[in-house]
Amino acid sequence: MFRTLMRSMAALLLGIAAIVTLAPAAGAHQPTAAVQAFDPSTTGSFPVAYTDVTVSAAGRSYSARVWYPGTTAGANAPVATGNHPGLAFGHGFFQAITQYESLLKHYASWGIITVVPKSQGGLFPNHSAFADDLNAALTWLTTQNTTSGSRFADRVDTTKYAVSGHSMGGGAALLAASRNPAVKSVTTLAAAETNPSAVTASSVLSAPAQFVGGSADTIAGVAGNQQKMYDAKASRTQLRVITGGFHCGFEDSSGFGCDSGSVSRAVQLKLTYGVTTSWLLYTLGLDSSLQDQVWGSAAQNLAGVVYSAKP
């Protein structure tokens with residue numbers, strides 16, 4: 001089952017600690033230890049594999065890369081045993097999907113099958129079509145789960161789907177979720193307003209939504225974008241603003257036209273790994289022990305991140 005090995009190791013370590021210290025009340029501290037053992041900002045337990053595919057579903061067809069938990073790392077490895085949640089991730093405007101490789105591999109290491117469309121990468125992207133491409137990725141996963149001979153056959157938990165994205169892709173993720181009841185969770189990075197409006201989409205969204213931004217973002221700033229999306233959503237939503245974070249700090253490198261911030265890219269990415277992975281694992285019902293890191297004091301007091309929430 002999901003992260004069984006890590007849980008077993010954690011339980012063994014806790015047992016050893018209890019024996020060595022001979023503390024009768026040691027069991028009372030196990031929940032805290034479990035949360036620390038499963039730090040979502042660090043790499044998960046699964047080897048990371050990938051495959052390049054053509055997604056054909058729901059009237060859409062495009063090239064994509066899928067990052068997923070494997071039995072071994074590398075191209076086209078078998079999928080790890082178990083049923084894994086699915087995530088569709090949208091790239092930013094005029095950005096290659098390779099710009100997000102470290103983040104996508106991080107999600108896969110925690111057992112999340114992540115489909116990343118290469119579509120709408122030109123100078124004149126269609127935001128609505130990009131949202132449909134994200135939903136088609138999830139439809140494709142559902143089909144693959146029941147397709148004999150597919151590497152994803154009987155490996156997808158089709159009840160646990162999420163969407164995410166950066167900048168334009170974050171806005172498109174909100175559009176996608178507002179159209180698709182199969183989406184159970186949304187997390188976005190520096191989400192930008194789109195046409196049609198991602199703010200309007202957020203106002204009608206039933207799935208829980210997380211908006212992660214950077215206080216130094218000069219491209220899709222918090223006040224003009226993520227704050228409005230957060231304000232529009234009634235509940236089960238949060239805004240996490242990385243102090244000194246910048247728009248391109250959510251990518252692995254910066255190119256022409258990028259901004260900069262007062263925090264390093266490495267620090268910003270690690271914070272992003274932690275807040276988004278804990279959100280996905282918790283809101284998809286995969287790890288209830290992460291409640292404190294999502295809604296509780298650990299979230300509210302995380303150094304370097306300003307927290308606002310409507311649970």
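Colleague: Outline helix α4 (residues 127-145), listing residues and values.
Modeller: Between its first and last C-alpha, α4 extends 28 Å over 19 residues, near the 27 Å set by a 1.5 Å rise per residue. For α4, the tally of buried residues reaches 14 of 19 residues, placing the bulk of the element in the interior. Two or three places before Ser128, at the start of α4, stands the capping residue Asn126, its side-chain oxygen 3.1 Å from that residue's backbone nitrogen.

Colleague: How would you summarise helix α8 (residues 265-283) if you had to cite specific residues and measurements?
Modeller: Taking 1.5 Å per residue, 19 residues should reach 27 Å; α8 reaches 26 Å between its end C-alpha atoms and fits that length. Backbone geometry just downstream of α8 places Gly285 in the positive-phi region, at approximately 80 degrees.

Colleague: Can you break down the side chain of Thr277 residue by residue, with the values?
Modeller: Here Thr277 shows up in helix α8. Polar contacts involving the side chain of Thr277 include one to the side chain of His106, which spans 3.4 Å. Of the polar contacts made by the side chain of Thr277, one reaches the backbone oxygen of Tyr273; its length is 2.7 Å. Dropping the residues within four chain positions of it, Thr277 is found in contact with Pro40, His106, Tyr107, Trp110 and Thr272.

Colleague: Outline the packing of α4 against helix α5 (residues 168-179), listing residues and values.
Modeller: Contact geometry of α4 with α5 gives a least axis separation of 8 Å together with a crossing angle of 65 degrees. Considering the angle they form, α4 stands roughly perpendicular to α5. Considering the relative orientation of α4 and α5, their crossing is right-handed. Two secondary-structure elements touch here, α4 through His127, Ser128, Phe130, Ala131, Asp132, Leu134 and Asn135 and α5 through Met168, Gly169, Ala172, Ala173, Leu175, Ala176 and Arg179. Looking at the contact of α4 with α5 residue by residue, the class counts come to eight nonpolar, four polar and two charged.

Colleague: Explain a nonpolar patch on the surface residue by residue, including any values.
Modeller: A surface patch of nonpolar side chains, about 510 Å² in accessible area, is lined by Phe93, Phe94, Leu123 and Phe124. Mapped onto the elements of the fold, Phe124 is located in the loop between β5 (113-117) and α4. Residue Phe124 is classed as exposed on the basis of its relative accessible area, which comes to 79%.

Cut-offs used in this document
- Residues numbered from 1 in each chain as written.
- Predicted model: local features only at pLDDT ≥ 70, side-chain atom pairs only at ≥ 80, totals over all residues.
- Heavy atoms only, no water.
- Helix = DSSP H or I, 4+ residues; strand = E, 2+ residues; numbered from the N terminus.
- Expected span 1.5 Å × (residues − 1).
- Buried < 20%, exposed > 50% of the residue type's maximum accessible area, 1.4 Å probe, protein only.
- Polar contact = N/O pair within 3.5 Å; in protein donor to acceptor, adjacent residues only side chain to side chain.
- Contact = heavy atoms within 4.5 Å.
- Axes fitted to C-alpha atoms, helices over the stretch in contact; angles between N-to-C directions.
- Parallel < 35°, antiparallel > 145°, perpendicular 65-115°, else oblique.
- Left-handed = near helix turned anticlockwise from the far one by under 90°.
- Nonpolar A, V, L, I, M, F, W, Y, C, P; charged D, E, K, R; others polar.
- Patch = residues over 30% accessible without salt bridge, like charges linked within 9 Å, V, L, I, M, F, W, Y side chains within 5 Å.
- Areas by Shrake-Rupley, 256 points an atom, 1.4 Å probe, with all protein chains shown as cover.
- Salt bridge = Lys/Arg side-chain N within 4 Å of Asp/Glu carboxyl O.

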